[in-house]
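# Geometric and topological summary
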Amino acid sequence: MQFILDLMPGLATTFGLWLLILLIGLPGGLALGYLLGLGSRTLRVLGLVIVNIARGFPGLVTLYFVYSGLPELGVFLTNFQAVVAAFAFTTMGYTAEIFHSAIHSVPRAQTEAATALGLKAWKIQVKVVLPQAIRSVVPTLLGFTVIVLQATALGYSVGVRELTGLSYNLGSISFQALSYMLAAGLIYLVLCVVISQLADWMQSRSAGKRVKRVKHSPRKSHPTTTPTPVA
Amino acid sequence: MIWLTDVLAVIPISLFIWAVSLVLGAVVAVPTAGARMSQLRPVRILAAVYIEIFRGIPTLVWLFVIFFGLRTFGLSPTALVSAILTLGIASSAYIAETYRSGLSSVPIQQREATTALGLSPRLSLIKIVLPQAKPIIFAGLGSYAIHLLKETALTSLIGVVEMMTVANYLVERGANGLTVFFVTGVIYMLLCLPIAGAVRLLGRSRRQNRPAGPDSLTPLSTPTAPPECAAPWHGMRWHECNSSST
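Small disclaimer: the values here were computed from a predicted structure and weren't measured.

About the cut-offs
- Residues numbered from 1 in each chain as written.
- Chains lettered and ligands numbered in written order.
- Predicted model: local features only at pLDDT ≥ 70, side-chain atom pairs only at ≥ 80, totals over all residues.
- Heavy atoms only, no water.
- Contact = heavy atoms within 4.5 Å.
- Buried area = accessible area lost by both parts, 1.4 Å probe.
- Salt bridge = Lys/Arg side-chain N within 4 Å of Asp/Glu carboxyl O.
- Helix = DSSP H or I, 4+ residues; strand = E, 2+ residues; numbered from the N terminus.
- Nonpolar A, V, L, I, M, F, W, Y, C, P; charged D, E, K, R; others polar.
- Patch = residues over 30% accessible without salt bridge, like charges linked within 9 Å, V, L, I, M, F, W, Y side chains within 5 Å.
- Areas by Shrake-Rupley, 256 points an atom, 1.4 Å probe, with all protein chains shown as cover.
- Buried < 20%, exposed > 50% of the residue type's maximum accessible area, 1.4 Å probe, protein only.
- Expected span 1.5 Å × (residues − 1).
- pLDDT = per-residue confidence, 0-100.
- 1 Å grid on protein atoms, 1.4 Å probe; cavity = no way out; pocket = protein on both sides within 12 Å on 5 of 7 lines; lining within 4 Å.
- Points joined across faces, edges and corners; volume = space filled by probe spheres on them.
- Phe/Tyr/Trp six-rings, centres within 6.5 Å; stacked < 30°, edge-to-face > 60°.
- Core = buried A, V, L, I, M, F, W, Y, C linked by side-chain atoms within 4.5 Å.
- Axes fitted to C-alpha atoms, helices over the stretch in contact; angles between N-to-C directions.
- Parallel < 35°, antiparallel > 145°, perpendicular 65-115°, else oblique.
- Left-handed = near helix turned anticlockwise from the far one by under 90°.

### What to know about the interface of chain B and chain A
- Contact with chain B, which involves 47 residues of that partner, is made by 49 residues of chain A.
- For the pair chain B and chain A, the two sides together bury roughly 4300 Å², of which 74% comes from carbon and sulfur.
- In this structure, the connection of chain B to chain A is made through zero salt bridges.
- In terms of residue count, helix 9 (residues 177-203) of chain B provides more of the side of chain B that touches chain A than any other element does, eight residues in total.
- Looking at side-chain class alone, the side of chain B that touches chain A contains 28 nonpolar, 13 polar and six charged residues.

As structure tokens, this is what we get:
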């Protein structure tokens, strides 16, 4: 128990990293997802290159690249900033695909109907497409936040005193490395289980809504109507 | 670019760690998946706890726990051994879930039909269920194998001499960090390509190779592989990946 209490400052740092990564990475992923769906060929290729690098590089390589590679270009980041930058980039790459397919899965008829109503292009995206797209990916994104939480453990390698780094430090000071590591593992485990349960719960809830919605929607018996869009 | 040869020279070590822990994981995952789908509730719960523990804790923490833990028990494993052990056991949890999702993707009617025909459970599994689960299992296994190759970079943190260790050493000795780490990342990406190709080849279901015969009339029995999931660096669950499709 004492071990877990000792690790609380590390937990705060881990949470800080986690929040910042998601705050930067998720909007970035959304923007990148739009880039992937654009008509312009060069922009799409650029988006694909970014996504593939973000997904293809091991997290540790990206982190070291940002932390000890970027100074060559005159960009000096503290270790905390480097972790945020590296994993926000990785998050961007992974979520870009999720957002891209979500935006793509909103029926075309929605956009067409909005155009017919005379909505401006950006308003169509913000008011019609995005709400539908984002609602459908919330459980997926929640599951992804667990992965981001686990990735922050790599902050240890550049000396950030988050949960793993702090427990390593305390462990080597007190010669109780194993106990501190186990305590850190326990904290990670609890956090991950809680978030995944939340994701499961949201998913089952939205699935329940979906069924209800289909049941109650007044459906004309016309075989060619597009399926009811998911609310 | 002389440093490049140093990085290239240790590729076999990274691949060795990858291959051994993948095989270890795939083998240990078989009884784990069996236990996870067991009829007995306590066995099922035990397997679920095992899987959840390994998936809920970052691999880096596991590397340290096993590295320090074995020391506590008086063993003194080399960094390489504990790295392989950690990655192998951790992958067994992920791969067991892959097996399970593959097997449970086969419609229950298939198994019921084999019971009705009087096939033994063993024969029904080998001849009926497994061939249908194969595409999904291989898809999951493939994305995990790619993820595992990237995880091997973590073993540098407990002192295994592999690509990241060498790259890091070179940068500390004055090489340009920008190029060294970028090239190392590209090497990892290139190593993933043949894995992805091999998986696609292995996972092709036999049905797809056959000309469309009468059995193409039963589309229900062909489980479709899940849409390509963003292969994450910490093994996302399939059901989480699929939920984006409406």
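From this point, the narrative continues.
### A word on a nonpolar patch on the surface
All names here are of chain B.
- On the surface, Val23, Leu24, Val27, Val28 and Leu85 cluster together into a nonpolar patch covering about 360 Å² of accessible area.
- Element by element, the count of residues in the nonpolar patch is highest for helix 2 (residues 11-36), at four residues.
- Relative to the assigned elements, Val28 resides in helix 2.

### Quick notes on the pattern of salt bridges
Residues and elements named next belong to chain B.
- Enumeration according to the criterion identifies four salt bridges over all chains in this entry.
- The salt bridge involving Arg36 is made with Glu97; its shortest N-O contact spans 4.0 Å. Linking Arg36 in helix 2 with Glu97 in helix 5 (residues 79-105), this pair joins segments that are 61 residues apart in sequence.
- The class of Glu97 is buried, set by a relative accessible area of 15%.
- Residue Arg100 is joined to Glu97 by a salt bridge in which the shortest nitrogen-to-oxygen separation is 3.1 Å. Residue Arg100 and its partner Glu97 are both found in helix 5; the two are separated by three residues, about one turn of the helix.
- One connected set of salt bridges, linked through shared partners, spans Arg36, Glu97 and Arg100.

### Things to note about helix 3 (residues 41-56) of chain A
- Spanning 16 residues, helix 3 of chain A covers 22 Å between terminal C-alpha atoms, matching the ideal 22 Å at 1.5 Å per step.
- Where helix 3 of chain A is concerned, the buried positions are Gly47(A), Val51(A), Ala54(A), Arg55(A) and Gly56(A).
- Residues of helix 3 of chain A that are buried in the fold lie against helix 2 (8-36) and helix 5 (79-105) of chain A together with helix 7 (121-151) and helix 9 of chain B.

### Digging into the confidence of the model for chain A
- Scored by pLDDT, chain A comes out at a mean of 83, with 89% of its residues at no less than 70.
- In this model, residues 214-231 of chain A is a region of pLDDT below 50 whose contacts with residues beyond four sequence positions or in other chains number 13 contacts.

### Observations regarding the layout of surface pockets
Residues and elements named next belong to chain B.
- By volume, the second largest pocket amounts to about 670 Å³.
- Taken together, 23 residues line the second largest pocket, and the ones lying closest to its centre are Met37, Leu103, Arg111, Leu125 and Leu130.
- Those elements that provide at least two residues to the lining of the second largest pocket are helix 2, helix 5, helix 6 (108-117) and helix 7.
- For the lining of the second largest pocket, the leading source of residues is helix 7, giving six residues.

### Here we look at unusual backbone geometry
- Despite not being glycine, Phe175(A) has its phi angle at roughly 60°, a positive value.
- In this structure, Phe175(A) sits in the loop between helix 8 (163-174) and helix 9 (177-216).

### Details of the packing of aromatic side chains
- Inspection of every chain in the model, using the stated rule, returns 15 aromatic pairs over all chains.
- On the basis of an interplanar angle of 10° and a centroid distance of 5.9 Å, the ring pair of Phe64(B) and Phe68(B) is categorised as stacked. On the criterion of helical spacing, the pair formed by Phe64(B) and Phe68(B) is a turn pair, its members being four residues apart in helix 4 (residues 59-72). Considered together, Phe64(B) and Phe68(B) belong to a single accessibility category, that of buried residues.
- Taken together, the ring pairs connect Tyr156(A), Tyr168(A), Phe64(B), Phe67(B) and Phe68(B) into an aromatic cluster.

### Here we look at the environment of Leu23(A)
- Mapped onto the secondary structure, Leu23(A) falls in helix 2.
- Placed 61 residues apart in sequence, Leu23(A) and Val84(A) show a C-alpha to C-alpha distance of 9.9 Å.

### Some remarks on the nonpolar core
- In this structure, Leu7(A), Leu63(A), Leu60(B), Ile95(B), Met163(B) and Met164(B) are the most contacted members of the largest nonpolar core, which totals 114 residues.
- The leading source of residues in this core is helix 9 of chain A, at 13 residues.
- With sequence-adjacent residues up to four places away left out, Ile95(B) is seen in contact with Leu22(B), Gly25(B), Ala26(B), Ala29(B), Leu141(B) and Tyr144(B).

### Here we look at the packing of helix 6 (residues 108-116) of chain A against helix 7 (residues 121-151) of chain A
Residues and elements named next belong to chain A.
- Running from N to C, helix 6 and helix 7 cross one another at 155°; their axes reach a closest spacing of 10 Å. Judged by the inter-axis angle, helix 6 sits roughly antiparallel to helix 7. The chirality of how helix 6 crosses helix 7 is right-handed. Contact residues: Gln110, Thr111, Ala114 and Thr115 in helix 6; Ile124, Val128, Val129 and Gln132 in helix 7.
- Split by residue class, the contact of helix 6 with helix 7 holds four nonpolar, four polar and no charged.

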